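Report on the structure
One-letter residues, chain by chain:
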Amino acid sequence: MGGSASLLPREALSEFQELTFLSKQEILLAYKRFSALLPKEERVAVCSARVPKSQILTLPELRANPFQHRICHVFSTSEDGDDSMSFEDFLDMLSVFSDSATSDIKSHYAFRIFDFDDDGTLDRKDLEKLVNCLTGQGEESRLSNAEMEQLIRNILEESDIDKDGTINLSEFQHVISRSPDFASSFKIVL
Amino acid sequence: ELWLPEDVPAAAPAGFLQQLPSYQSALRRRAGGSREQRAGAQGAAGLRAAEPRGPEQHGGEPAARPAREQPLSIAEKRRLRDCQQADIKYLSGWKQWKRTSSKSFKKVLNEAKEFSSYLELWRRDIHSIEGKFGTGIQSYFSFLRFLVLLNFIIFLLMFSFVTLPSIISKYGIFNSSVAKILPKNIEPHCTVYKPSGNEGLVYFYTYLKDLLSGTGFLEVTSLFYGYYTIDAAWLSAMRYNLPLAYLLATFAYLALSLIWIIKRSVDGFKQNLVHGEDQFQSYCNKVFAGWDFCITDPNAARLKHRSLLYELQTDLEEERLKQKIADRTMKEKLHIYSLRICINIIVFAVLSGCFYSIYRATAFSQENSNDVSDTNFQPNLLVQYLPSIVITLANFIAPLIFSFLIRLEDYSPAFEIRLTLMRCVFVRLANIGVLLFSLWSHISGCATDKCKACGYNYELYPCWESEVGQEMYKLTIFDFIIILAVTLFLDFPRKLLVTHCSCKPVQWCGLREFGISDNVLEIVYGQTICWIGTFFSPLLPAIVTIKYFIIFYIKKISLMHTCKTAARPLRASSSNFFFLVVLLIGLVLAFIPLGISIAHISSSKACGPFRSFNTSWAVVPDTVSGFPAGLQQVLHGIASEAFAVPFFMVICLVMFYFIALAGAHKRVVEQLREQLVMESRDKLFLIRKITEAQRH
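This structure is a prediction, so every number in the text was calculated from the model and none was measured. (Residues numbered from 1 in each chain as written. Chains lettered and ligands numbered in written order. Predicted model: local features only at pLDDT ≥ 70, side-chain atom pairs only at ≥ 80, totals over all residues. Heavy atoms only, no water.)

Moving on: the overall build of chain A. Along its length, chain A carries 11 helices and two strands. Counting only C-alpha atoms, chain A reaches 60 × 35 × 30 Å along its principal axes. By residue count, 59% of the 190 residues in chain A fall in the buried class. Expressed as a percentage of contacts within chain A between residues at least 6 apart in sequence, the contacts between residues at least 24 apart total 56%. Just so you have it, chain A exposes about 7,800 Å², and 50% of that area is on carbon and sulfur atoms. Here chain A contributes 20 positive and 34 negative side-chain charges, whose respective centroids are spaced 6 Å apart. (Helix = DSSP H or I, 4+ residues; strand = E, 2+ residues; numbered from the N terminus. Buried < 20%, exposed > 50% of the residue type's maximum accessible area, 1.4 Å probe, protein only. Contact = heavy atoms within 4.5 Å. Areas by Shrake-Rupley, 256 points an atom, 1.4 Å probe, with all protein chains shown as cover. Lys, Arg positive; Asp, Glu negative; His and termini not counted. Charge placed at Lys NZ, Arg CZ, Asp CG, Glu CD.)

Structure (structure tokens):
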């Protein structure tokens, strides 16, 4: 690591333990990985530095993820809208994706990640974009229009309780609570 | 008909919809730095004021939820926590103390959890498998780890309660002693048992043969039932009832396995089944929880995209197929059903063929292995292993036949997979049952009167429990050898062939697929043998633990280097559920042979701790008759009909109550759903009316 790397102060460590779902080891590992993303000069003040989105997307955990841009957008608290992440944003992200996060928190953030137009509901366009993310980025790896219609109709039938054509947060959380795969798939561990 | 938001003119409703209380509360929960809130109609000022007070919704009572469970960024959580701590000052002393003590308790729990995560076996291996192959295959390896732990605990149980006291008392450590009471009222010819422990000079290969078949020097060790020929033991002046301990340890390990498996299946299956839909097949599950966020390898990501596309397309097609099935004419239905009946008859015939060949093989093996002398090494070993070989062949051929036949039966793809799996499970587990049945018919087959006096065939099987233990031991060893051999001699050469030879047929064949269900059936088969065999061979769980430990590494290497993943792997949750259901079926199937051996077949009079009893179970009534009179009456009362019938009726009443309650809840949920739909329609209708009124 070299002499230019600073260590996380102990009060900050225990505060992060209290405010996130991460264990001490996980926070220290996150600190190490985050510092590695910064250029050498900025490594002394890790807690106040911001890493641009392009750097964050080089992490192996996000590199292969089709939702990488949405994840950066949702967790970034940047005022400029450039989706850069500070160390606290990074910890927030890892905390939501950790093993011990409650299913409530996970479903809340999953909703925000899947809400591509940020309007607070999942409508047909959001669902279309979601399915395209899942099946891949090529032209031959998309569902046909008829299949997409059928799929979205089925999804809305299962989850849209008040039949308004969109899925709001409560409906989403309700359908996620009955989904057996969600807890094991919505997980990132460094 | 759907009142879509697009029906309503664009300008006004956006403003209206954003002022609705439900929308505001969703925004409050999201109280982060999103720009749209500042633009919201009247919400902004009220919103900022509402932020820190958001969680405090019940009068002056501070938020019950700790800061980290709120969906906010760390900076906001910090502010929230400071607010909460400032509010603590206003609490009474008792509540303050409660708060601080619960906080420190939670801290201690976290530390303990962190520590125990270090002790987790194979954490890094499973994590890397998950990153490269997704959660479906990772669930197989987690299952394997669970079985290693289960077998280790069973071994500790049997060792500490059965083997250790026997060794201590036999070797006289701590002033212990042992007593062998010759059973009374038993014909002397039944008690003759002379296991040949390989005295004198023997060839080296005899040791190898003994190691592989459990005879010779292994037969007299603590591995098998015959070693525990102790009727009473004293551990430094305390009497230790070894027969009772042996039986109770058996029941304990069966109960422990049952409870642990049920607990694990409930953990992974916390769903409320109010709607009764198929949870694993729901589209929402596949789309919202479809992507494994833990995948780190771009190749694995590509594979996952493909498999998701394939899965969604197949499911949509299956739905269209259902429509086609419903449209079948009478003639077609008749044709299909008669075809299915024919195929089921063929399946039945295949199964009978398997069972009959196993029965004959066991009979042949039993007849010949007792006659041939030690000079013929190879044929003798082959004869000994004949049942294992036939079972393995049957386990290999039958699934192939089933997967061919199922295509002719014209079921939907999901049902096809399930039915084939169920048939394979049945074949594998029933094969063990047939082997044991065939063994027992030999053991209890009595022609002469002398034999009937003992209750079992004392000439061929003076110590029949050891024989059964040896069969289980041979099955375990052979299973392990087969898994090793298939990986070494089939998978690796195949991989070499595929990488270096580029001719068409070889490339078309390709690498072997890592079939999760086949692998799971393999290890469940081994585990069922372990459960049955532990009663007859108390150290068998240790061997099975080591076997599964090695198999983990074999499978991991085989997966990484020689296999490719299936086009449509099972999902993690349905995999977990399926594994545990099959394991549970294996456990229940293991109860039957054990129950029959313990309670029905006379225990051997020449060896073992149950010499002085008729059957192994008889030690329990014997012990109960030694209890004080009051306790005896209570126990007899519990086991009598006067208690059992009212108890059964009460249980039925409780069950009917819960069924009625569930039905009532279901009706209420349906009514509430309908009400929600009507409310939403009302809302949009009113908005429409208001905008129309506004325009005038």
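Residues and elements named next belong to chain B. Across three bridges, strand β1 (residues 177–179) lies against strand β2 (residues 232–235) in antiparallel orientation. Residue pairing for β2: Ser177 is matched across the bridge by Trp234. Looking at chain direction, β2 and strand β3 (residues 238–240) are connected through three bridges and run antiparallel. What sits directly across from Ala233, in β3, is Tyr240. Hairpin connection from β2 to β3: two residues lie between these consecutive antiparallel strands, with Ser236 at a positive phi of about 40°. (Pairing = 2+ DSSP bridges.)

Residue and element names in this part refer to chain B. Taken together, Phe627, Leu631, Val634, Leu635, Ile638, Phe643, Phe647 and Ile651 make up a surface patch of nonpolar side chains, about 700 Å² in accessible area. Elements that contribute at least two residues to the nonpolar patch include exactly α24 (629–639) and α25 (641–695). Examining the composition of the nonpolar patch, we find that four residues originate from one element, α24, more than from any other. Its place among the elements puts Phe627 in the loop between α23 (619–624) and α24. With relative accessibility at 34%, the residue Phe627 sits in the partly exposed group. (Patch = residues over 30% accessible without salt bridge, like charges linked within 9 Å, V, L, I, M, F, W, Y side chains within 5 Å. Salt bridge = Lys/Arg side-chain N within 4 Å of Asp/Glu carboxyl O.)

All right, on to the nonpolar core then. Counting residues in each nonpolar core, the largest one holds 111 residues, and the members touching the most others are Tyr140(B), Phe141(B), Phe143(B), Tyr253(B), Trp464(B), Trp531(B) and Phe535(B). Of all the elements, helix α8 (residues 135–171) of chain B adds the most residues to this core, at 14 residues. The contacts of Tyr140(B), once residues within four sequence positions are left out, are Phe514(B), Ile516(B), Asn519(B), Val520(B), Ile523(B), Lys555(B) and Phe579(B). If you look at the next biggest cluster of nonpolar residues, it comprises 80 residues, including Ala64(A), Phe90(A), Ile295(B) and Leu308(B). (Core = buried A, V, L, I, M, F, W, Y, C linked by side-chain atoms within 4.5 Å.)

Under the definition given, this model contains 47 aromatic pairs over all chains. Ring geometry for Tyr31(A) versus Phe87(A): centroids 5.4 Å apart, planes at 85°, classification edge-to-face. Taken together, the residues span a long stretch of sequence, with Tyr31(A) in helix α2 (residues 24–37) and Phe87(A) in helix α6 (residues 87–96) at a distance of 56 residues. There is no split in this pair, since Tyr31(A) and Phe87(A) are both buried. Seen from their ring centres, Phe552(B) and Tyr553(B) are 5.6 Å apart, and the 85° between their planes marks the pair as edge-to-face. A connected cluster of aromatic rings, assembled from ring pairs, spans Phe67(A), Phe75(A), Phe97(A), Tyr109(A), Phe111(A), Phe114(A), Phe172(A), Phe182(A), Phe186(A), Phe288(B) and Phe293(B). (Phe/Tyr/Trp six-rings, centres within 6.5 Å; stacked < 30°, edge-to-face > 60°.)

Turning to the domain arrangement of chain B, a few remarks are in order. Residues and elements named next belong to chain B. Each domain of chain B was delimited in the assignment, giving domain 1 (123–286 + 298–309 + 335–639) and domain 2 (640–688). Using C-alpha coordinates to define each centre, domain 1 is positioned 42 Å away from domain 2. A combined buried area of about 520 Å² lies between domain 1 and domain 2, and 53% of that area is made up of carbon and sulfur atoms. Where domain 1 meets domain 2, there are zero salt bridges. Remark: the boundary between domain 1 and domain 2 carries three residue pairs in polar contact (both at pLDDT 80 or more). Broken down by class, the residue content of the side of domain 1 that touches domain 2 amounts to three nonpolar, three polar and no charged. (Domains from an automatic or database assignment. Buried area = accessible area lost by both parts, 1.4 Å probe. Polar contact = N/O pair within 3.5 Å; in protein donor to acceptor, adjacent residues only side chain to side chain. Nonpolar A, V, L, I, M, F, W, Y, C, P; charged D, E, K, R; others polar.)

All names here are of chain B. Considering the arrangement of structural elements, one finds Cys463 in the loop between α17 (449–454) and α18 (464–500). Between the alpha carbons of Cys463 and Ser603 there is a distance of 8.8 Å; along the sequence they are 140 residues apart. Setting aside residues up to four positions removed in sequence, Cys463 forms contacts with Tyr193, Tyr225, Gly226, Ser604 and Cys607.

Our focus in this paragraph is the side chain of Asn431(B). Residues and elements named next belong to chain B. Mapped onto the secondary structure, Asn431 falls in helix α16 (residues 413–443). Given a relative accessible area of 0%, Asn431 falls into the buried group. A polar contact is formed between the side chain of Asn431 and the side chain of Asn395, at a distance of 2.9 Å. Residue contacts for Asn431: discarding those within four places in its chain leaves Cys354, Phe355, Ile358, Ile391, Ala394 and Asn395.

For any two helices packed against each other, the geometry is given by the interaxial angle and the distance between the axes. Residues and elements named next belong to chain B. With their axes 11 Å apart at the nearest point, α16 and α18 run at an angle of 155° to one another. Accordingly, the angle class assigned to the pair α16 and α18 is roughly antiparallel. Classified by chirality, the crossing of α18 by α16 is right-handed. Contact residues: Leu435, Leu436, Leu439, Trp440 and Ile443 in α16; Trp464, Val468, Glu471, Met472 and Leu475 in α18. Looking at the contact of α16 with α18 residue by residue, the class counts come to nine nonpolar, no polar and one charged. (Axes fitted to C-alpha atoms, helices over the stretch in contact; angles between N-to-C directions. Parallel < 35°, antiparallel > 145°, perpendicular 65-115°, else oblique. Left-handed = near helix turned anticlockwise from the far one by under 90°.)

Let's shift gears to the UniProt feature "transmembrane region" (unreviewed entry) in chain B. All names here are of chain B. If you check UniProt for "transmembrane region" (unreviewed entry), the listed places come out as residues 146–168, 244–262, 337–359, 385–408, 420–440, 577–601 and 643–664 in our numbering. In the segment residues 146–168, helix accounts for 100% and strand for 0%; the C-alpha atoms at its two ends are 31 Å apart. Overall, residues 385–408 shows 96% helix and 0% strand. The separation of its end C-alpha atoms is 36 Å. (UniProt positions renumbered as here; feature names shortened; annotations may be inferred.)

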